[in-house]
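The lines below spell out each chain.
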Amino acid sequence: MRNLIWLGGLVVLGLWSLVAWGGHALLDWTSNWAAANADQVSGVPEIVETVSWAFRSLGNASEIIVVIVWALGAVLILGLVGLANRFLGRRRPSLSHPRNWRA
């Protein structure tokens, strides 16, 4: 039972990692797209440069944000697996061989 709980937890952790990886790719793509289209905001070159810089900075910060959110989710998943292992994975005494069977 304990191995099954940990296997399920590792599968969930793998899925969580894929979601975080996809979220990072989506944030990176959207920030690059927004920075490339910053000239749609205004015709003033200084404003376009500032908006483009802001979107590129957001894209760079998104990697750190995604790693932090992934780490918090991973700790939560592993903590829940540990709790489930503690409460559901207890070994019950065998009924076929009682300890004091001679008495």
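Before going into details, it helps to say that this report is about the structure given with it. From a predicted model like this one, the values you see are computed outputs, not experimental measurements.

1. Quick notes on the side chain of Ser31
Then comes step 1: Within the fold, Ser31 resides in helix 1 (residues 2-36).
Then comes step 2: Among residues more than four places away in sequence, those in contact with Ser31 are Phe55 and Gly59.

2. Comments concerning a nonpolar patch on the surface
Then comes step 1: Side chains of Met1, Leu4, Leu7, Val11, Leu15, Leu18, Trp21, Leu76, Leu80, Leu83, Phe87 and Leu88 sit close together on the surface and give an oily, nonpolar patch of about 1,300 Å² of accessible area.
Then comes step 2: The residue Leu4 is located in helix 1 in this model.
Then comes step 3: With relative accessibility at 59%, the residue Leu4 sits in the exposed group.

3. A short note on helix 1
For an α-helix, 3.6 residues make a turn, and residues three or four places apart therefore share a direction.
Then comes step 1: For helix 1, which comprises 35 residues, the first-to-last C-alpha distance of 51 Å matches the rise-based estimate of 51 Å (1.5 Å per residue) to within 8%.
Then comes step 2: Those residues of helix 1 lying buried are Ile5, Gly9, Leu13, Ala20, Ser31, Ala34 and Ala35.
Then comes step 3: Summarising the contacts, the buried residues of helix 1 are in contact with helix 2 (45-88).

4. Points about the nonpolar core
Then comes step 1: Of all hydrophobic cores here, the largest spans five residues; its members are Ile5, Leu13, Ala74, Ile77 and Val81.
Then comes step 2: At the level of elements, helix 1 and helix 2 are the ones that each hand at least two residues to this core.
Then comes step 3: Examining the composition of this core, we find that three residues originate from one element, helix 2, more than from any other.
Then comes step 4: Discounting residues that sit within four places of it in the chain, Leu13 has contacts with Ala74, Ile77 and Leu78.

5. Some remarks on the side chain of Ser42
Then comes step 1: Relative to the elements of secondary structure, Ser42 occurs in the loop between helix 1 and helix 2.
Then comes step 2: Each residue touching Ser42, except ones within four places of it in the same chain, is listed here: Ile47 and Val48.

Procedures and definitions
- Every residue gets a number counted from 1 within its own chain, in the order that chain's sequence is written.
- pLDDT decides what is reported in this predicted model: residues at 70 or higher carry local features, side-chain atom pairs at 80 or more are listed and counted, and totals for whole chains, interfaces and linings draw on all residues regardless.
- Derived side-chain values reflect all non-hydrogen atoms in the structure, with water molecules and hydrogen atoms excluded from consideration.
- Helix and strand assignments follow DSSP, with helices taken as H or I runs no shorter than four residues and strands as E runs no shorter than two, numbered in order from the N terminus.
- Only heavy atoms matter for contacts: two residues are in contact if any of them lie within 4.5 Å across the pair.
- Patch membership is restricted to residues that have no salt bridge and whose relative accessible area is over 30%. Joining uses 9 Å for like charges and 5 Å for the nonpolar side chains Val, Leu, Ile, Met, Phe, Trp and Tyr.
- All accessibility values rest on the Shrake-Rupley procedure with a 1.4 Å probe; residue burial counts only the protein chains present in the view.
- The term salt bridge refers to a side-chain nitrogen of Lys or Arg lying within 4 Å of a carboxyl oxygen of Asp or Glu.
- The buried label goes to any residue with under 20% of its type's maximum accessible area, the exposed label to any with over 50%, and the partly exposed label to all in between, with areas taken from a 1.4 Å probe on protein chains only.
- Working rule for helices: expected span equals 1.5 Å times residues minus one.
- Put simply, buried Ala, Val, Leu, Ile, Met, Phe, Trp, Tyr and Cys residues joined by side-chain atoms within 4.5 Å make one nonpolar core.

Keep in mind these numbers describe shape, not what the thing actually does.
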